[in-house]
Amino acid sequence: MSKSNIQKVLLLGSGGLKIGQAGEFDYSGSQAIKALKEEGAKVILMNPNIATVQTDYHLADKVYFLPLTEEWATRVIEKERPDGILLGFGGQTALNLGLALEENEVLKKYQVRVLGTPVSTIRNTEDRDLFTKRLKEIGVKTAKSYAVRGIKEAVLAADRLGYPVMMRSGFALGGQGSGVTRTRKELSAKATEAFSITSQILIEEYLEGWKEVEYEVVRDGADNCIVVCNMENLDPMGIHTGESMVVAPSQTLSNEEYHRLREIAIRTIRHLGVVGECNIQYALHPQSGDYRVIEVNARLSRSSALASKATGYPLAFIAAKLALGHTLPELKNAVTKTTTACFEPALDYLVLKMPRWDLSKFENAASHIGTEMKSVGEVMAIGRSFEEVLQKAIRMLSIGADGFTAHRSGNFHIEQYMKEIKEPTPRRIFAIAQALSLGVSVKKIHHLSRIDLWFLEKMKHIIQVEERVKKEKITAELLREAKQNGFSDSQIAVLTKSTEKKVRALRKYLRVFPSVKQIDTLAGEFPAKTNYLYLTYHGMAHDIVRDKKGVMVLGSGPYCIGSSVEFDWSNVQVLKTLKAHKYQTIMINSNPETVSTDYDMSDRLYFEELTLERVLDIAEFERPIGAVVSTGGQIPNNLALSLHRNGVRILGTHPEDIDRAENRQTFSKLLDNLGIDQPMWAELTTRKKAILTAERLGYPVLVRPSYVLSGSAMSVAFDRESLVKFLQRAADVSTDHPIVISKFIENAREIEIDGVASCGELVIYAITEHVENAGTHSGDATVVLPPQRTYLETIRRAKGITKSIIKELRITGPFNIQFLAKENHLQVIECNVRASRSFPFVSKVTGYNFIDIATRALLGKHVKGEYRTVDLDYVAVKSPQFSYSRIKGADPLSYVEMASTGEVACFGDSYAEALLKSMLAAGFRLPKKHILVSLGKEENKVKLLPSLRKLSSLGFDFFATEHTADFLRENSVVCEKVYKIHTKRNPNVSNLLSHGKLDLIINIPAVPLARESNDGFVIRRMAVDLNIPLITNRQLAEAFIIALAEIKERGFHAKSLDEYV
Amino acid sequence: MKLTLEDKSVFEGESFGASVSVAGEVVFATGMTGYVESLSDPSYAGQILVCTYPLIGNYGVPERRFFESAKAQVAGLVVGEYSKKYSHAKAKESLGEWLKHWRVPALTGVDTREITKTLRTRGVMLGHLSEGKEYLGFYNPNTENLVARVSCKKKIAYGKGKRVIVVVDCGIKENILRSLSRSGITLIRVPWDYDFTNEKYNGLVISNGPGNPEACVPTIAHIKKAFESGKPILGVCLGVQLLALAAGAKTYKLPFGHRSQNQPCLDLAKSLRDREASFPRCYITSQNHGYAVDEKTLPKGWSVWFKNANDGSVEGIRHKKFPWRAVQFHPEASPGPTDTMWIFHNFLEEIMNL
């Protein structure tokens, strides 16, 4: 029984992953559930993010896949009657929802107690005015700032402070709507935008070049207070901490500074009355040592997940215990199990976090980084020197860079390196490397970047070592020095004109090996049975010895677009199944936002690089029974063959067979041999041949260059002109960088089969269909299970094709096959011999854990059985979660390149209910009255007409752009005509948009996927910037309207997972 | 340069301090910042300090007023990676230059975690830092009266207040003096063996210091005498051990000591006082000691004030009737957390209100 007599707790999750709010909240929510269960409390979880571990069966007592809105939370509260609620474990989304529930007295009405940090405290930290006032009471300095509620006020405040000023919007996640403004004009523009999503913004003094430091603070209800970790941003103030490289512990702070800020942190957190965990951010003047408190996040955050992984201190778990009334001294240190949780970890290593961006996925996206967060993931490197962690972290990003310098690929040559140092982009670190190797002084770089000289000197040192490796004879000493400075074998191979394999052999011959070290939270002061490990070349002995033989599981690496929390979910399931079958588990991953890297998920956790070199180092030390590479997405999958060739046993499908599926040529031949149809394609080595081929295949064609400098790699060309444009963008077309052109099939639908096979035989499968036609990336599509519109005959055929591919590739383990369906004809577009992003979705919806079955298949266990996955009594819909509001300038139009950052899924008794819930869960709002319709092309207009009629009969008002309006009127649908923006005629679309009258915009471009910059783009972009719901796909629009009509009659239901499955 | 331990293990690396050889007791400390404060702490006299945090020297060495005593006090220093290039606005010189100036040898490029594990399993060991092949015998600094070596040689007064506090300097960290300085107070700093009982004073402070407390025979005798007056006493670190010995209790040597900035200490008196609050109160403290007070030997009239939340060792004692109290940790911090600064404030309040 919990100390606070709380019996039933509602835990709010964070919803779909988006920029600024990612996998870290799966980690915090999962830990909270564990802590609550340990206290005997019942846990009701509300989170539509189906790809998370926290929403698994058997973790929380009840799971609601519902939109995280006040309306839905109220329904759940009404139904469940929890006596407590946790707001601090689901990011800003949960916090904001909690505040709304409290403000509107829902919590009071149903007598739900807020556990942990009280709402009044949260308000004091979220409302900038209150915050400043509260801190002033105890003499703590905040940035001079004015909270304003209008443009005029904003300008006045800025005039008082003097430009440049910093603009921030209150109640925002990840610094959304904030930025430096240097002129009055710029300020008015930005403020207008901000006021569309918030009622209050802040105009603050601009602390450019001040150091940025963070502390993670824990406080219990008895006022015990500790600082678990401090962190220093390499990139000083002006770059969002989510966009910064961050080192822990701080490196350039003296004892006086470290402890002055620590004392202020404790004083502040006590005064505010936080119970649980929080994060406090400072600006510290590099010369005077003066400080400002920037903000306090009275909840678990991305930084706290990082701090937790950096120190081994389970912050979320402890925070949940404190919320239930425990005190710190009563709780044990989960790592040592003997010492108390009321302590501050001592590190004998350092960690470096690096953000992972994916801006190239967005056409036209502004590429510079600043006060708004744009990164989609992060990695954390552990080591014993800065040089070591820096180079490790860069490799962990999996962007093709081999480290700070000496890359195999030419992609990291920065043309205007000085400019990118001054105006930072995601490539700034490589610009610095280049400047240093060209002899630019650290002083000069410091002057441009404001990065502390200490870090720059270390970077320079890497370049100095590089020079020596290039010039001198490779001795054991030099090799060790290079390794201690983070050089990988492949970097050394580049520098010595050798190969990675040869360098590895030489290194072994010279006996230069890394050591395995433990993270024990106490710097070795007490013996600890910790399983948390890293490798370093700054050691003379291993901390541990080889244990019982285990199974190695390769993690997914950093989250990026296309590879996210769903792969971590899969990995966690593998670990659980292995454990259940009494196997020792060895987990390797580099991503601090994951559950797979939690201290209690595996027997041995290597927080390490997922590179061939490092995985082999670990395999050679551990000598595992085998490795699982099929559940972590593409990174482990790509390592399969080389690991196999180096003697590591790969569990499941043979690596040569994985390669046959991965290699376009062999897979295509395989399909031909099996008599399976596929879209025509060709690989070409010159631009001229590419054009000829496109003409032969007939437009539209899908173009995939293998080497682009910026912009998205994949495109659809509708004619010769656009093809030529795309080809020009390819940096190189040659035998080394061929270009692939394939026929783009229009008006085809897409279906997918996710399944598990054993020894070439199908064991279980789930078939899903996309709402959008082919052309929308499968990751951006709305997916339905069970299929609603696919013929049984098509399903049968898809299954037949699947069986023959599985047999040919002798698949054992998870797989995914994607099909194009036109009428009853099927073409295979892709086959992955690994778990796909949809595995958690199909597992939770069908009630069968596909990964558990796959893992047992990998282990050679009997997995055959009767699985019912097609005939279900309910429907589930998965919707993409986009982050376009973060990516300034990007066109929010679905495309062949994936752009969504996350996904959500909801259940319903009908397709309509599931679809609408799912869209709502992804941030959509149901229209009340006013809808803007702008449809390109006759076909779109004709096909949508019946749906629009229906909408009109439901009482919605239409505004329509010129041609669309004419068309609607001709067909006697009432609408108000508005003129396109460029006509400057009134009534104009732009007025309509900025007056905030619109509830929904349906904008279907004339040429799908064409991405031309025109009025359509402006409408779509403004919809995103002004936070107006937007639909850009015809099939989705149709489905949505039909569903809306149906729900108007039948209504929604708040049902938990167990009520459906 | 290499470090050789009693158990014959050898750790070879590069020298970055003075080119001299030295023998002493090898201890490890787990603080992640504050090397200047530690190295100038007289309690480290005779000891070769191993830093478990690998990157040392990052922010250089500031001017004298930030030190805990006039010079580098350690016998030697061992680190994982010395940062030749330092960066800080307040830095005056590099750590290497500073150590050379004070003729302290220093070793870098060794696996300090491995050394720590050795010391943790075997207990504190003797060892030496040496260049080349020269042989250097082991030397146990605890056999020497280290306090006599680091204590001030004559009486010094600070401030012009009406209330007088005598501070017995057994190797005092200067931040204790800074923490006690305020208007209305005069501090009289006296050598360790100085008989202060004839001085006119309102309160007595017994400082930290190096080595075995039993070596401070005259100090213990003077404290015993001071008990007779019943005036307020505050002991810090070595001070708690001396107060305990004067009261009749015993001290013992810990297997590898507490040298870190993250030691949790439970305030038992607070829990006793506040019946309402049955919650334990725990402070994070900075520590540097190899000896401790044996709880079982505490005589009547004395109680345990603070206890280490990890190993249960005595972290503070106080008298049930008289205003005498002492703590094993360092409320003056420097290096380390400042959470228990209130101990000085309370003591000063008491003196001012007399």
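Scroll up for the structure.
All of these numbers come straight from a predicted model, not from anything done at the bench.

Draft legend 1. Representation of the overall build of chain A within the structure. Tallying secondary structure elements over chain A gives 36 helices and 38 strands in all. Taking 31 Å as the expected radius of gyration for a compact globule of 1061 residues, we find that chain A reaches 28 Å, a close match to that expectation. Counting only C-alpha atoms and orienting by the principal axes, one finds that chain A spans roughly 80 × 70 × 60 Å. For chain A, with 1061 residues in total, the buried portion stands at 67%.

Draft legend 2. Spotlight on the interface of chain B and chain A. In this assembly, 50 residues from chain B lie in contact with 58 residues from chain A. The tally of links between chain B and chain A comes to 8 salt bridges. A salt bridge links lysine 517 of chain A to aspartate 111 of chain B; the nearest nitrogen and oxygen atoms lie 2.6 Å apart. Counting across the chain B and chain A interface gives 26 residue pairs in polar contact (both at pLDDT 80 or more). Those elements that provide at least two residues to the side of chain B that touches chain A are α3 (112-122), β16 (251-267) and β17 (282-293) of chain B. It is β16 of chain B that provides the largest number of residues to the side of chain B that touches chain A, a total of 9 residues. When grouped by side-chain class, the residues that make up the side of chain B that touches chain A number 19 nonpolar, 20 polar and 11 charged.

Draft legend 3. Region of interest: helix α16 (residues 453-471) of chain A. Residues and elements named next belong to chain A. If you check α16, its first and last C-alpha atoms are 27 Å apart, about what 19 residues at 1.5 Å a residue would give, namely 27 Å. Those residues of α16 that fall on the buried side of the exposure criterion are Trp454, Phe455, Leu456, Glu457, Lys458, Met459, Ile462, Ile463, Val465, Glu466 and Val469. Capping the start of α16, aspartate 452 holds a side-chain oxygen 2.9 Å from the backbone nitrogen of tryptophan 454, two or three residues further along.

Draft legend 4. Spatial organisation of empty space enclosed by the protein. Residues and elements named next belong to chain B. Applying the stated criterion across every chain, the model contains 15 cavities of 30 Å³ or more. Here the second largest cavity is characterised by a volume of approximately 200 Å³. As for the second largest cavity, its lining consists of 22 residues, and the residues nearest its centre are Ala29, Ser38, Tyr44, Gln261 and Pro335. Breaking the lining of the second largest cavity down by element, the ones donating at least two residues are α1 (35-39), β5 (47-51), β16 and β17. A per-class count over the lining of the second largest cavity returns 8 nonpolar, 11 polar and 3 charged. Formed jointly, the lining of the second largest cavity draws a minimum of three residues from each of two domains, domain 1 (2-143) and domain 2 (146-352).

Draft legend 5. Inspection of helix α3 (residues 91-103) of chain A at higher detail. All names here are of chain A. Between its first and last C-alpha, α3 extends 19 Å over 13 residues, near the 18 Å set by a 1.5 Å rise per residue. Three or more residues of α3 are buried, namely Gly91, Gln92, Thr93, Ala94, Leu95, Leu97, Gly98, Leu99 and Leu101. The elements touched by buried residues of α3 are β1 (8-12), α1 (24-38), α2 (70-80), β4 (84-86), α4 (106-109) and α5 (119-126). With its phi angle positive at about 60°, glutamate 105 sits one or two positions after the end of α3.

Draft legend 6. Representation of the side chain of lysine 977 of chain A. Relative to the elements of secondary structure, lysine 977 of chain A occurs in strand β36 (residues 976-978). Ignoring any residue separated from it by four or fewer positions in sequence, one finds lysine 977 of chain A in contact with Ala960, Glu962, Ala965, Asp966, Arg969 and Pro987 of chain A.

Draft legend 7. Expanded view of the sheet that holds strand β8 (residues 179-181) of chain A. Residues and elements named next belong to chain A. Strand order in this open sheet of 4 strands is β6-β9-β7-β8, and the pairing throughout is antiparallel. Each end of this open sheet is capped by a strand with a single partner; those strands are β6 (145-148) and β8. Each strand axis lies, on average, 30° off the axis of its neighbour in the sheet, ignoring direction. Pairing analysis gives 5 bridges linking strand β7 (residues 165-169) to strand β9 (residues 201-205), with the strands arranged antiparallel. Residue arginine 168 lies in a different strand from β9, and its bridge partner there is leucine 202. Seen against the sheet, helix α8 (residues 184-195) touches β6, β7, β8 and β9 and runs at an angle of roughly 145° to β8.

Draft legend 8. Representation of the environment of arginine 664 of chain A within the structure. All names here are of chain A. Tracing the backbone shows arginine 664 in helix α24 (residues 664-674). Of the residues examined, arginine 664 reaches a relative accessible area of 34% and is grouped as partly exposed. In sequence terms arginine 664 and glutamate 683 are 19 residues apart; their C-alpha atoms lie 9.3 Å from each other. Arginine 664 has contacts with Trp681, Arg704 and Val740, leaving out every residue within four places of it along the chain.

Draft legend 9. Expanded view of the nonpolar core. Counting residues in each nonpolar core, the largest one holds 181 residues, and the members touching the most others are Tyr215, Val293, Leu352, Phe386, Leu390, Phe404 and Met459 of chain A. Counting residues domain by domain, this core receives three or more from each of domain 1 (2-143) and domain 2 (146-352) of chain B. In this structure leucine 390 of chain A touches Met245, Leu352, Phe404, Ile429, Met459 and Ile462 of chain A, once residues within four positions along its chain are discounted. In this structure, Val76, Ile122, Leu915 and Ala960 of chain A belong to the second largest nonpolar core, which totals 65 residues.

Draft legend 10. Structural context of the packing of helix α23 (residues 655-662) of chain A against α24 of chain A. All names here are of chain A. Axis separation between α23 and α24 bottoms out at 5 Å; the angle between their running directions is 85°. As judged from the angle between their axes, α23 and α24 are roughly perpendicular. Contacts from Asp659, Arg660, Ala661 and Glu662 of α23 reach α24 at Arg664, Thr666, Phe667 and Leu670. A breakdown of the residues in the contact of α23 with α24 according to their chemical character gives 3 nonpolar, 1 polar and 4 charged.

Draft legend 11. Representation of the pairing of strand β12 (residues 163-169) of chain B in the model. Residue and element names in this part refer to chain B. Counting buried positions along β12 yields 6 of 7 residues, so the element is predominantly enclosed. With 7 bridges connecting them, β12 and strand β13 (residues 185-191) associate as parallel partners. Counted as the bridge partner of arginine 163 is isoleucine 185 from β13. For the segment spanning β12, helix α5 (residues 174-180) and β13, crossover handedness is right-handed. In this sheet, strand β14 (residues 203-206) lies alongside β12 in parallel orientation, the contact comprising 4 bridges. Within the sheet, the bridge partner assigned to valine 167 lies in β14 and is valine 205.

Parameters at a glance
Residues numbered from 1 in each chain as written. Chains lettered and ligands numbered in written order. Predicted model: local features only at pLDDT ≥ 70, side-chain atom pairs only at ≥ 80, totals over all residues. Heavy atoms only, no water. Helix = DSSP H or I, 4+ residues; strand = E, 2+ residues; numbered from the N terminus. Rg over C-alpha atoms; globule rule 2.2 N^0.38 Å. Buried < 20%, exposed > 50% of the residue type's maximum accessible area, 1.4 Å probe, protein only. Contact = heavy atoms within 4.5 Å. Salt bridge = Lys/Arg side-chain N within 4 Å of Asp/Glu carboxyl O. Polar contact = N/O pair within 3.5 Å; in protein donor to acceptor, adjacent residues only side chain to side chain. Nonpolar A, V, L, I, M, F, W, Y, C, P; charged D, E, K, R; others polar. Expected span 1.5 Å × (residues − 1). 1 Å grid on protein atoms, 1.4 Å probe; cavity = no way out; pocket = protein on both sides within 12 Å on 5 of 7 lines; lining within 4 Å. Points joined across faces, edges and corners; volume = space filled by probe spheres on them. Domains from an automatic or database assignment. Pairing = 2+ DSSP bridges. Axes fitted to C-alpha atoms, helices over the stretch in contact; angles between N-to-C directions. Core = buried A, V, L, I, M, F, W, Y, C linked by side-chain atoms within 4.5 Å. Parallel < 35°, antiparallel > 145°, perpendicular 65-115°, else oblique. Right-handed = clockwise from strand over helix to strand, strands pointing away.

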